[in-house]
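Listed below, chain by chain, are the residues.
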Amino acid sequence: YIVKRIILLILLSSISIITFAQDSPVFGLKAGLNLSELSRTAGALYSTQLLPGYNFGGVLDIAVDNDFSLQPGFLISTKGGRNAYRLDSFYGTAKVTLNYIEIPVNLLYHLPAGKGKVFFGGGPYLGYGLSSTRGYTGDGAAGGQTQFGDGLYDLKRVDMGINMMFGYKFRNGIAFDLNY
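Residues numbered from 1 in each chain as written. Predicted model: local features only at pLDDT ≥ 70, side-chain atom pairs only at ≥ 80, totals over all residues. Heavy atoms only, no water.

Help me out: how do you make sense of the pairing of strand 9 (residues 174-179) in this one?
Side chains on a regular strand alternate between the two faces of the sheet. Relative to strand 9, strand 8 (residues 158-170) is paired through 5 bridges, and the arrangement is antiparallel. Residue pairing across strands places K169 opposite A175, the latter belonging to strand 9. If you look at the hairpin formed by strand 8 and strand 9, you'll find 3 residues sitting between the two strands, and G173 has a positive phi there, around 100 degrees. (Pairing = 2+ DSSP bridges. Helix = DSSP H or I, 4+ residues; strand = E, 2+ residues; numbered from the N terminus.)

Okay, structure coming up:
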(Lines give C-alpha, C1' and ligand atoms only; values in the text may rest on other atoms or scores of the structure.)
Protein backbone atom coordinates (compact mmCIF):
# COMPACT_ATOMS: atom_id res chain seq x y z
CA TYR A 1 0.00 0.00 0.00
CA ILE A 2 2.78 2.45 0.91
CA VAL A 3 4.74 1.57 -2.24
CA LYS A 4 1.66 2.31 -4.39
CA ARG A 5 1.23 5.69 -2.66
CA ILE A 6 4.89 6.59 -3.23
CA ILE A 7 4.67 5.60 -6.92
CA LEU A 8 1.51 7.72 -7.31
CA LEU A 9 3.18 10.69 -5.63
CA ILE A 10 6.22 10.35 -7.89
CA LEU A 11 3.98 10.25 -10.97
CA LEU A 12 2.18 13.35 -9.77
CA SER A 13 5.48 15.00 -8.90
CA SER A 14 5.28 18.52 -10.20
CA ILE A 15 2.73 17.95 -12.95
CA SER A 16 1.32 21.24 -14.13
CA ILE A 17 -1.78 21.45 -16.30
CA ILE A 18 -1.99 24.79 -18.02
CA THR A 19 -4.82 26.23 -20.15
CA PHE A 20 -3.45 28.11 -23.15
CA ALA A 21 -4.36 31.67 -24.08
CA GLN A 22 -2.50 33.87 -26.52
CA ASP A 23 -0.31 36.60 -24.98
CA SER A 24 -2.18 36.63 -21.69
CA PRO A 25 -1.45 35.17 -18.27
CA VAL A 26 -1.99 31.41 -18.19
CA PHE A 27 -3.39 29.71 -15.08
CA GLY A 28 -2.20 26.21 -14.19
CA LEU A 29 -2.76 23.60 -11.51
CA LYS A 30 0.25 22.05 -9.84
CA ALA A 31 0.72 18.95 -7.71
CA GLY A 32 3.89 17.24 -6.61
CA LEU A 33 6.02 15.28 -4.18
CA ASN A 34 8.11 16.97 -1.47
CA LEU A 35 11.11 15.30 0.16
CA SER A 36 12.30 17.26 3.20
CA GLU A 37 14.35 16.93 6.37
CA LEU A 38 14.85 18.94 9.55
CA SER A 39 18.04 19.59 11.47
CA ARG A 40 18.75 21.21 14.81
CA THR A 41 21.97 22.52 16.33
CA ALA A 42 20.97 22.66 20.03
CA GLY A 43 20.20 19.78 22.39
CA ALA A 44 19.94 16.20 21.19
CA LEU A 45 22.21 14.43 18.69
CA TYR A 46 20.33 13.54 15.51
CA SER A 47 20.58 11.53 12.35
CA THR A 48 18.02 12.68 9.79
CA GLN A 49 15.94 10.94 7.13
CA LEU A 50 13.87 12.40 4.30
CA LEU A 51 10.14 12.69 4.92
CA PRO A 52 7.85 12.42 1.87
CA GLY A 53 5.10 15.02 1.62
CA TYR A 54 3.08 16.76 -1.06
CA ASN A 55 2.32 20.13 -2.58
CA PHE A 56 -0.64 21.33 -4.61
CA GLY A 57 -2.07 24.62 -5.75
CA GLY A 58 -2.11 27.03 -8.64
CA VAL A 59 0.40 28.98 -10.69
CA LEU A 60 0.09 31.88 -13.08
CA ASP A 61 2.50 31.96 -16.03
CA ILE A 62 2.95 35.51 -17.32
CA ALA A 63 4.94 35.85 -20.56
CA VAL A 64 7.55 38.63 -20.37
CA ASP A 65 8.70 37.95 -23.95
CA ASN A 66 9.16 34.83 -26.14
CA ASP A 67 11.92 33.44 -23.93
CA PHE A 68 11.04 34.52 -20.38
CA SER A 69 8.03 34.22 -18.12
CA LEU A 70 7.24 35.18 -14.55
CA GLN A 71 5.49 32.42 -12.59
CA PRO A 72 3.99 33.31 -9.20
CA GLY A 73 2.11 30.57 -7.35
CA PHE A 74 0.02 29.70 -4.32
CA LEU A 75 0.68 26.23 -2.86
CA ILE A 76 -0.27 24.12 0.13
CA SER A 77 2.86 22.20 1.07
CA THR A 78 3.89 19.61 3.68
CA LYS A 79 7.44 19.51 5.01
CA GLY A 80 9.16 18.00 8.00
CA GLY A 81 11.54 15.22 8.81
CA ARG A 82 12.25 11.94 10.57
CA ASN A 83 15.06 11.87 13.09
CA ALA A 84 16.78 9.24 15.18
CA TYR A 85 17.87 11.03 18.35
CA ARG A 86 19.92 10.61 21.51
CA LEU A 87 19.31 12.97 24.41
CA ASP A 88 21.24 12.06 27.57
CA SER A 89 20.28 8.39 28.11
CA PHE A 90 17.13 8.51 25.92
CA TYR A 91 17.07 7.01 22.43
CA GLY A 92 14.28 7.01 19.90
CA THR A 93 12.86 8.34 16.68
CA ALA A 94 10.77 11.42 16.00
CA LYS A 95 8.61 12.46 13.05
CA VAL A 96 7.61 16.10 12.55
CA THR A 97 5.09 17.08 9.85
CA LEU A 98 4.61 20.76 9.00
CA ASN A 99 1.86 22.22 6.81
CA TYR A 100 2.55 25.50 5.00
CA ILE A 101 1.03 27.96 2.58
CA GLU A 102 3.80 28.89 0.12
CA ILE A 103 4.03 31.70 -2.39
CA PRO A 104 6.88 31.16 -4.89
CA VAL A 105 7.75 33.75 -7.57
CA ASN A 106 9.94 32.25 -10.30
CA LEU A 107 11.55 33.79 -13.38
CA LEU A 108 11.76 31.10 -16.08
CA TYR A 109 13.75 30.90 -19.32
CA HIS A 110 12.20 28.77 -22.12
CA LEU A 111 14.05 27.00 -24.96
CA PRO A 112 12.32 25.15 -27.83
CA ALA A 113 12.97 21.39 -27.64
CA GLY A 114 11.17 18.77 -29.67
CA LYS A 115 7.40 19.24 -29.46
CA GLY A 116 7.58 21.58 -26.51
CA LYS A 117 9.94 23.70 -24.47
CA VAL A 118 12.60 23.09 -21.85
CA PHE A 119 12.46 25.66 -19.07
CA PHE A 120 14.61 26.52 -16.09
CA GLY A 121 14.87 29.30 -13.58
CA GLY A 122 14.06 30.11 -10.01
CA GLY A 123 13.26 32.76 -7.50
CA PRO A 124 12.26 33.47 -3.93
CA TYR A 125 9.46 31.84 -1.96
CA LEU A 126 7.68 32.76 1.25
CA GLY A 127 5.92 30.19 3.42
CA TYR A 128 3.64 30.50 6.44
CA GLY A 129 3.18 27.60 8.87
CA LEU A 130 -0.45 26.54 9.31
CA SER A 131 -0.15 23.48 11.54
CA SER A 132 2.25 20.79 12.72
CA THR A 133 2.32 17.39 14.39
CA ARG A 134 5.06 15.49 16.18
CA GLY A 135 5.30 11.85 17.12
CA TYR A 136 7.93 9.86 19.03
CA THR A 137 8.89 6.23 19.53
CA GLY A 138 11.47 4.98 21.99
CA ASP A 139 12.53 5.88 25.56
CA GLY A 140 10.32 8.53 27.13
CA ALA A 141 8.06 8.54 24.04
CA ALA A 142 5.39 11.21 23.85
CA GLY A 143 3.52 12.72 20.92
CA GLY A 144 1.81 16.00 20.49
CA GLN A 145 1.83 19.35 18.84
CA THR A 146 5.05 21.00 17.71
CA GLN A 147 5.02 24.66 18.65
CA PHE A 148 5.53 27.50 16.24
CA GLY A 149 7.21 30.26 18.26
CA ASP A 150 10.48 31.77 19.47
CA GLY A 151 11.53 29.24 22.15
CA LEU A 152 14.62 27.01 21.96
CA TYR A 153 12.63 23.98 20.74
CA ASP A 154 10.00 25.92 18.78
CA LEU A 155 9.83 26.17 15.02
CA LYS A 156 9.66 29.41 13.07
CA ARG A 157 6.23 29.95 11.50
CA VAL A 158 7.66 31.94 8.56
CA ASP A 159 9.79 30.02 6.07
CA MET A 160 11.57 31.74 3.21
CA GLY A 161 14.24 30.91 0.73
CA ILE A 162 15.29 30.53 -2.88
CA ASN A 163 14.17 27.70 -5.16
CA MET A 164 15.40 26.47 -8.54
CA MET A 165 13.29 24.80 -11.21
CA PHE A 166 13.99 22.71 -14.33
CA GLY A 167 11.35 21.13 -16.54
CA TYR A 168 9.67 20.39 -19.86
CA LYS A 169 6.37 21.79 -21.14
CA PHE A 170 4.47 20.03 -23.93
CA ARG A 171 2.44 21.97 -26.54
CA ASN A 172 -0.80 20.75 -24.91
CA GLY A 173 0.13 22.65 -21.72
CA ILE A 174 1.17 19.75 -19.48
CA ALA A 175 4.53 20.35 -17.83
CA PHE A 176 6.82 18.23 -15.65
CA ASP A 177 9.38 19.93 -13.46
CA LEU A 178 11.82 19.39 -10.62
CA ASN A 179 12.17 22.00 -7.89
CA TYR A 180 14.91 22.42 -5.33
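Now that the structure is up, let's keep going.
Could you clarify how one ought to interpret the packing of aromatic side chains in this entry?
What describes a pair of aromatic rings is the distance from one ring centre to the other and the angle between the planes of the rings. Considering all chains together, one arrives at 5 aromatic pairs under this definition. Measuring from centroid to centroid gives 5.0 Å for F68 and Y109, while their planes differ by 55 degrees, and the two rings are tilted. With F68 in strand 5 (residues 68-87) and Y109 in strand 6 (residues 90-113), this pair connects stretches of sequence that are 41 residues apart. On the basis of an interplanar angle of 85 degrees and a centroid distance of 6.2 Å, the ring pair of F170 and F176 is categorised as edge-to-face. One aromatic cluster in this structure is built from F68, Y109 and F120. (Phe/Tyr/Trp six-rings, centres within 6.5 Å; stacked < 30°, edge-to-face > 60°.)

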